[in-house]
Amino acid sequence: MDLADTDEERAFRARLREWLAAVLPGLPAKPGPDDWPGRRAYDTAWQRMLYDAGYAGLHWPVDAGGRGVTPTRHLIFLEETERAGAPYVGANFVGLLHAGPTIAAEGTAGQRARWLPPVLRGDEIWCQGFSEPEAGSDLAALRTRAVRDGDHYVVTGQKIWTSHAEVADWCELLVRTDPAAPKHRGISWLAMRMDAPGVTVRPLRTLAGSTEFAEMFLDEVRVPVSHRVGAENDGWRVTMVTLSFERGTAFVGEVVACRRTLSALAAEARRSGRWDDPVLRRTLGRLNAEFRALWRLTQWNVAEAQRSGGVPGTGGSVFKLRYSQARQELYDAAAEVLGADGADLDREWVLDRLTSLSYTIAAGTSQIQQNIVAERILGLPKGR
């Protein structure tokens, strides 16, 4: 892989930097972590700015409403927006990084035309309705039932850890359409309106104090059959496409953010005199190497996804497995650098540290990722 920018890429980087420098100072203050209506408005307004400037969906296929740029330009966009301190996708996370790419890869022409443009414009927010109280890591054990009734499915069940359900317009929903089939079969992937009768959302407060997750109760919710993505009972395969995006490319911007945090910690260590501790210097140096390696793996995963038609491969599990641990180690190092001063709960890094604890669970636990790496990459036999 040639990692040097071409003349065209340097020009793209320069234009993007110029645009960011012009628009970022005019952004309003970011709403507080509990103000989800405010955060939705803030995040969707930023997405609209990206769309109007031609930076939304850079890496999405042209026929899905994107710009179809090379993986390198997509990574340049992520590098420059993160370095400039631009807003992250926020409440747009599921639509832009999970549901949207899945619909682009698996949806019909009509579904792509209906759902993808509003995601890119920031007009509609999606949430993820996968996990259930008794189907977390063993997602295929889900029991939410969808019974066919003419042109609709009647859905009954419960979901938990439903990301951004409080402010979402749509839900990417996994349901069981054939209870007699083996558990990895008989599952379908539906797009459900969150304002449909029978949908009840109850926010869940995390350790970090946020309510970005919710439990969701579905009481005979009617979902049109036309809102099914993929064939009936083929939802597990479609879900693997969704999860490959979640594990393979959805975290790429956060790697850049972690590298920026690491640089800030090194600067703080030099300022405070903690840099004289050789053990701490060695820890920060190792983390620097870790995140540089993860960024190179990110570049490889994005390029591989492009070559394979836009869907990331199992390399995403390698990335996700190591990234989840490295992120926690980064904030352990932050505690060493900041010392007692870090006990101030208003400090942003404290919230980031608490959030980092979830990364070994979110998008598939580390144990699940280890199994995927062992079986699908190393070719080891399944455990008994």
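Everything that follows concerns the structure shown earlier in this document.
All figures in this text were calculated on a predicted structure; none of them were measured in a lab. (Residues numbered from 1 in each chain as written. Predicted model: local features only at pLDDT ≥ 70, side-chain atom pairs only at ≥ 80, totals over all residues. Heavy atoms only, no water.)

Caption draft 1: Representation of the overall build of the protein chain within the structure. Each helix and strand counted, the protein chain has 11 helices and 8 strands in total. Across the 384 residues in the protein chain, those meeting the buried criterion constitute 51%. Considering only contacts within the protein chain whose residues lie at least 6 apart along the sequence, 73% involve residues at least 24 apart. Summing over all exposed atoms, the protein chain offers an accessible surface of approximately 17,800 Å²; the carbon and sulfur share of this is 52%. (Helix = DSSP H or I, 4+ residues; strand = E, 2+ residues; numbered from the N terminus. Buried < 20%, exposed > 50% of the residue type's maximum accessible area, 1.4 Å probe, protein only. Contact = heavy atoms within 4.5 Å. Areas by Shrake-Rupley, 256 points an atom, 1.4 Å probe, with all protein chains shown as cover.)

Caption draft 2: Local environment of the side chain of Asn-92. Position of Asn-92 among the secondary structure elements: in the loop between helix H3 (71–83) and helix H4 (93–106). Judged by its relative accessible area of 3%, Asn-92 falls in the buried class. Ignoring anything within four residues of it in the chain, the contact list for Asn-92 reads Asp-43, Thr-44, Gln-47, Gly-122 and Ile-125.

Caption draft 3: Just the nonpolar core, in detail. Counting 37 residues, the largest nonpolar core has Trp-19, Trp-46, Tyr-55, Phe-291 and Leu-330 as the members making the most contacts within it. Among the elements of the structure, helix H1 (7–23), helix H2 (36–53), H3, helix H7 (252–272), helix H8 (278–307) and helix H9 (315–338) are those that each provide at least two residues to this core. Counting residues per element, this core draws most heavily on H9, which supplies 8 residues. Dropping the residues within four chain positions of it, Tyr-55 is found in contact with Phe-12, Arg-15, Leu-16, Trp-19, Leu-50, Arg-67 and Phe-77. Counting residues in hydrophobic clusters, the runner-up holds 28 residues, among them Ala-64, Ala-104, Leu-116 and Trp-170. (Core = buried A, V, L, I, M, F, W, Y, C linked by side-chain atoms within 4.5 Å.)

Caption draft 4: Seen up close, the environment of Ser-263. Inspection of the secondary structure puts Ser-263 in helix H7. Sequence separation between Ser-263 and Leu-284 is 21 residues; the distance between their C-alpha atoms is 9.1 Å.

Caption draft 5: Seen up close, the state of the cysteines. Counted according to the given criterion, the structure contains 0 disulfides. For Cys-171, which is in no disulfide, the shortest distance to another cysteine sulfur is to Cys-127 and amounts to 3.8 Å. (Disulfide = S-S within 2.5 Å.)

Caption draft 6: Representation of the packing of H1 against H2 in the model. Between H1 and H2, the shortest axis-to-axis distance is 13 Å and the interhelical angle comes to 140 degrees. Viewed along their axes, H1 and H2 adopt a mutual orientation that is oblique. Here the hand of the crossing between H1 and H2 comes out right-handed. Residue-level contacts link Trp-19, Leu-20 and Val-23 of H1 to Trp-46, Met-49, Leu-50 and Ala-53 of H2. Grouping the constituent residues of the contact of H1 with H2 by class yields 7 nonpolar, no polar and no charged. (Axes fitted to C-alpha atoms, helices over the stretch in contact; angles between N-to-C directions. Parallel < 35°, antiparallel > 145°, perpendicular 65-115°, else oblique. Left-handed = near helix turned anticlockwise from the far one by under 90°. Nonpolar A, V, L, I, M, F, W, Y, C, P; charged D, E, K, R; others polar.)

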